[in-house]
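What follows is the residue order along each chain.
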Amino acid sequence: MGKYRHHLLTAVWTYRAIRLALAVSFIVAGTLKLADVHAFVLTIKAFAILPSDAVTPLAVALPVLEIAGGLLLVFDAPGGLSIIGGLLLLFIGVVANAIRQGLDIDCGCYGPGDPEGEVYHGLHTTLWRDLAMLAGVLYCLLWRRVHGRQRFTPATQTS
């Protein structure tokens with residue numbers, strides 16, 4: 001067993017699974033928001049933190065960033081974790097502010113008809129989910145640092 005024994009937290013498959021789960025989550029979220037930008041505009045307006053002129057451009061830019069960051073994560077390309085981590089920090093700040101204000105609104109995280117928003121209609125679950133995803137980003141960053149920022153591609157893959 002010795003040097004061939006892999007621990008769950010240091011295994012390349014754990015890293016890949018977390019990275020791909022983050023990627024799929026953000027690609028799906030961005031795609032659903034772009035599918036109904038008008039509904040996402042209304043969701044952003046409900047948070048009441050931006051001037052009206054900034055809402056529509058942001059309602060397009062955020063989903064595009066989510067999709068771009070997710071695609072970069074799929075291919076383990078540079079910048080993917082930074083984009084997703086930055087978006088999560090932004091989302092956590094917005095949601096925490098909304099909770100502080102006592103707002104009871106749908107986060108709009110997965111577009112109109114967000115099942116979580118319909119079931120719970122609160123932001124605490126969203127906050128916990130975003131914090132868990134941020135922990136996934138931090139895990140991936142730490143994993144890369146420990147493993148010398150290696151990229152595992154089919155040509156260089158070792159099991």
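Small disclaimer: the values here were computed from a predicted structure and weren't measured.

K.L.:
Where do I start with the overall build of the chain in this structure?
P.N.:
For the chain, the helix and strand inventory stands at six helices and zero strands. In sequence order, the chain lays out its α and β elements as α-α-α-α-α-α. Looking at the chain as a whole, 41% of its 159 residues qualify as buried. Across the chain, every contact between residues at least 6 apart in sequence was considered, and the portion connecting residues at least 24 apart equals 69%.

K.L.:
Even after reading the chapter, I still don't get the packing of aromatic side chains, so can you show me in this structure?
P.N.:
How two aromatic rings sit relative to each other is given by the distance of their centres and the angle of their planes. Summed over all chains, the structure comprises one aromatic pair. Between Tyr-15 and Trp-143, the ring centres sit 4.2 Å apart and the planes meet at 10°, which makes this aromatic pair stacked. Of this pair, Tyr-15 sits in helix α1 (residues 12-35) while Trp-143 is found in helix α6 (residues 124-146), placing the two residues 128 residues apart along the sequence. The residues Tyr-15 and Trp-143 share a single accessibility class, namely buried. Above the plane of the ring of Trp-13 lies Arg-16, whose end atom (NZ or CZ) is 4.4 Å from the centre.

K.L.:
Is there a simple way to think about the pattern of salt bridges in this case?
P.N.:
Note that side chains of opposite charge can pair when their charged atoms are close. According to the stated counting rule, one finds four salt bridges in the structure shown. Here Asp-76 ties to Arg-19 by a salt bridge, and the two come within 3.6 Å at their closest N and O atoms. With Asp-76 in the loop between α3 (52-74) and α4 (80-101) and Arg-19 in helix α1, this pair connects stretches of sequence that are 57 residues apart. Each of the two residues, Asp-76 as well as Arg-19, counts as buried. With a shortest N-O distance of 3.8 Å, Asp-130 and Arg-129 are connected by a salt bridge.

K.L.:
Honestly, the state of the cysteines in this entry has me stumped. Any pointers?
P.N.:
In protein chemistry, a disulfide is the covalent bond that joins the sulfur atoms of two cysteines. Under the criterion given, the structure shown has one disulfide. The side chain of Cys-107 participates in a disulfide bridge whose partner is Cys-109; the two sulfur atoms lie 2.2 Å from each other. When its relative accessible area of 10% is taken as the criterion, Cys-107 is described as buried.

K.L.:
Could you clarify how one ought to interpret the packing of α1 against α6 in this entry?
P.N.:
Think of two packed helices as two axes; the pair is described by the angle between the axes and how far apart they sit. Relative to each other, α1 and α6 sit at 140°, their axes nearing to 10 Å. For the element pair α1 / α6, the angle class is oblique. As α1 runs across α6, the sense of the crossing is left-handed. Between α1, through Val-12, Thr-14, Tyr-15, Ile-18, Arg-19, Leu-22, Ser-25 and Phe-26, and α6, the contact on the second element is made entirely by Met-133, Gly-136, Val-137, Tyr-139, Cys-140, Trp-143 and Arg-144. Residue composition of the contact of α1 with α6, by class: 10 nonpolar, three polar and two charged.

K.L.:
Looking at this structure, how should I read unusual backbone geometry?
P.N.:
Peptide bonds are, in most cases, trans, and in most cases residues other than glycine have a negative phi. Phi at Ala-48 takes a positive value of approximately 50°, unusual for a residue other than glycine. Along the chain, Ala-48 turns up in the loop between α2 (37-47) and α3. With relative accessibility at 61%, the residue Ala-48 sits in the exposed group. Positive phi is not limited to glycine here, since Asp-76 has a value of about 55°.

Rules used throughout
Residues numbered from 1 in each chain as written. Predicted model: local features only at pLDDT ≥ 70, side-chain atom pairs only at ≥ 80, totals over all residues. Heavy atoms only, no water. Helix = DSSP H or I, 4+ residues; strand = E, 2+ residues; numbered from the N terminus. Buried < 20%, exposed > 50% of the residue type's maximum accessible area, 1.4 Å probe, protein only. Contact = heavy atoms within 4.5 Å. Phe/Tyr/Trp six-rings, centres within 6.5 Å; stacked < 30°, edge-to-face > 60°. Lys NZ or Arg CZ within 6 Å of the ring centre and 35° of its normal. Salt bridge = Lys/Arg side-chain N within 4 Å of Asp/Glu carboxyl O. Disulfide = S-S within 2.5 Å. Axes fitted to C-alpha atoms, helices over the stretch in contact; angles between N-to-C directions. Parallel < 35°, antiparallel > 145°, perpendicular 65-115°, else oblique. Left-handed = near helix turned anticlockwise from the far one by under 90°. Nonpolar A, V, L, I, M, F, W, Y, C, P; charged D, E, K, R; others polar.

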